[in-house]
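# Per-entry structural report
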Amino acid sequence: MEMKQFSSEPPSASINYSEVVQSSSFQQLMREKRRFILPFSLFFLAFYFALPILTSYSKVLNTPAIGSVSWAWVFAFAQFIMTWTLCMLYSKRAARFDEMVEQIRQEAKEGGNV
Amino acid sequence: MHGLAFSLFLVIVALTLLITYFASKRTKTTSEFYTADSALTGWQNGWAIAGDYMSAASFLGIAGMIALTGFDGFFYSIGFLVAYLVVLYIVAEPLRNLGKYTMADMIAARFDDKKVRGVAALNTISISIFYMIAQLVGAGGLIKLLLGIDYVYAVLIVGILMTVYVVFGGMTATSWVQIVKAVLLMAGTFIISLIVFAKFDFSIVKMFNEVKTATPLGESFLNPGNKFKNPLDTISLNLALILGTAGLPHILIRFFTVKDAPTARKSVVYATWIIGLFYVMTIFLGFGAAAFVGYDKIVAANPAGNMAAPLLAEALGGDFLFAFVSAVAFATILAVVAGLVLSAASAFAHDFYNHIVRQGQATEKEQMLAARWASVGVAILSILLALFAQKMNVAFLVSLAFAVAASANLPIILLTIFWKRFNTAGAITGMLVGLISSLVLVAISPNVWAPEPGVAILVGEPIFKLANPGIVSIPLGFIAAVLGTLLSSKKQDDKKFDEILVKANTGIRDFTH
């Protein structure tokens, strides 16, 4: 299909999405996103559920860590540190995703025949 | 008696009405009404998300729970925060890229089907109304305690104010009320936390040492297990907290108020910092109340512990701090219910009226009228339900809202953006099974049934033993969506999925920018 007609067409009709999906730059974006999001999501879910599972089924976290502050509280505070850290890591990584998106947009603009 | 508190309430009312007045001048089109014309910046929306999310239940409820049960109350703080990683990693950006005004828009971007949109809208309305009844009943009780105003009038005052914000100021007024409230809440909580911390000589260890002897629970106050005795119920609650947030419609619509996915992402990052700092401070509120107000006085004021934070403020800073914290709690309620009215009203007016009844052909003017009347209708319905529920313990409605959001909305959002084979039959069965299973499980749970009279709404042995249905209803929602897809003969459209994949991940819609 030719990509010469612009304004009069409804916007989405001018993009061949299947072609974009098959382009190497889009495939790379999906790969990099998956490589980040999947392992980190599994990590934070495991880290998060470890706390209620440990407190419900054992007493190991009731031992003191610093003074009266038990390991349960240390682990609880660690959930906050974990959340903020993963938040910033993603935010940094996503800046690279944005650059890749910009490239995909350029390629789609040039006609999608990549 | 609480003259100062009353004046500060009036200040809050005046301030929010002023915001609404200015917002009303910028609320002429549907885009302005539903999304503040997508013109909010990342940090504005970050504060607004925080203001939309940190309800009176988190502020007063968690502070009270920590004061009375120690560690277990803090589970809520953790779950409410970590949930934002699900929002950030998986939901916020695709939602912004695919949707327009409502969550149903996102699902409809893939399945252009009236039934799918209708069921998605039904879920949005159910979740928002459950959540709102819990907020309004809590608000009525709270204002009665703080100001001595009768429950009925208290609910009416909150109900009328939220209606005025939304009807006249739409999303712009709602957003700014939420931003102002979030700033006030953070300031109030910070001041109290600082005073509490100073009283413990700025030593965490000293604080923990002293609360150990301050409550009737003694040493076990610091250990988990005072409130949550059933391990499965605890895990079920945690599941609903972490997965439900990313399916709450009043949170999801906030992502349409910014211009693109990168800005939506930034707003979640800001929100995560603000919300996290707030929930860390709930420890100071809870421990402070346990140490300086005392168990007996907290329970005497309200058995659930909801007065712990205001009483702590009074103990630390006298009448002024009490009045200030009460006013902050009031602002908190207003900001949250306004967001809820808007999300339910947009499902009525945009999804049901414009897309289903009018086939998407309603004019701007008709849509605006529908949106305003839907807001009034939602508000009246919620006020009536809240008046009817005055004597009931409706705190469980918040966990019901989270459970429905996690069981009915999240599976559909995930499968829409990630699963190529997913189809309309799967979307409809998934949403309905998620909704109905949560409702039925709660209806036969200890929230509703208790063998002794007066403990729950009805007297009898609960059939389902868990107070939180998530551990059963969330898997059911996913399984139903998958089975519904696999068992139906309907063919999915690969081209459509390619389009969704590209749009969700890149936001590319046209070549104009």
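Computed from a predicted structure; not experimentally measured. (Residues numbered from 1 in each chain as written. Chains lettered and ligands numbered in written order. Predicted model: local features only at pLDDT ≥ 70, side-chain atom pairs only at ≥ 80, totals over all residues.)

## Notes on the overall build of chain B
Regarding its fold elements, chain B presents 19 helices and 2 strands. In terms of overall dimensions, chain B has a C-alpha envelope of 65 × 50 × 40 Å along the principal axes. Counting every position in chain B, which comprises 513 residues, the buried fraction comes to 63%. (Helix = DSSP H or I, 4+ residues; strand = E, 2+ residues; numbered from the N terminus. Buried ≥ 20, exposed ≤ 12 C-beta atoms within 10 Å, placed from the backbone.)

## Brief notes about the nonpolar core
Counting residues in each nonpolar core, the largest one holds 229 residues, and the members touching the most others are B:A289, B:L334, B:V337 and B:V341. The contacts of B:A289, once residues within four sequence positions are left out, are B:A63, B:A67, B:I298, B:A308, B:A309, B:L311 and B:L312. (Core = buried A, V, L, I, M, F, W, Y, C linked by C-beta atoms within 7 Å. Contact = placed C-beta atoms within 7 Å.)

## Notes on helix α5 (residues 71-98) of chain B
Residue and element names in this part refer to chain B. For α5, with 28 residues, the first-to-last C-alpha span of 40 Å sits near the 40 Å given by 1.5 Å per residue. Largest kink in α5: about 50°, centred on V87. Burial of α5 is extensive: 26 of the 28 residues sit out of reach of the surface. (Expected span 1.5 Å × (residues − 1). Bend = angle between axes of the 7 residues up to and from the residue.)

## Some details on the confidence of the model for chain B
The predicted model of chain B averages 91 in pLDDT, with 99% of residues at 70 or higher. Here the prediction assigns the complex a pTM of 0.93, and the interface score ipTM is 0.92. (pLDDT = per-residue confidence, 0-100.)

## Some points on the environment of B:A104
Residue and element names in this part refer to chain B. Along the polypeptide, A104 turns up in helix α6 (residues 103-110). Separated by 16 residues in sequence, A104 and A120 have C-alpha atoms that sit 5.3 Å apart. For A104, the residues in contact, after removing those within four places along its chain, are R117, A120, A121, T124, A347 and D351.

## Let's talk about the packing of helix α4 (residues 56-69) of chain B against helix α14 (residues 308-357) of chain B
Residues and elements named next belong to chain B. Here α4 crosses α14 at 145°, and the two axes come no closer than 9 Å. Taking contact as the criterion, the partners of A56, F59, L60, A63, G64 and A67 in α4 are, on α14, A308, A309, A329, T332 and I333. For the contact of α4 with α14, a count of residues per class yields 9 nonpolar, 2 polar and no charged. (Axes fitted to C-alpha atoms, helices over the stretch in contact; angles between N-to-C directions. Nonpolar A, V, L, I, M, F, W, Y, C, P; charged D, E, K, R; others polar.)

## Notes on the interface of chain A and chain B
On the chain B side, the residues contacting the 46 residues of chain A number 42 residues. Secondary-structure elements contributing two or more residues to the side of chain A that touches chain B are α1 (17-22), α2 (24-57), β2 (69-70) and α3 (71-109) of chain A. Per-element accounting of the side of chain A that touches chain B gives the leading share, 17 residues, to α3(A). Among the residues forming the side of chain A that touches chain B, the class breakdown is 29 nonpolar, 13 polar and 4 charged.

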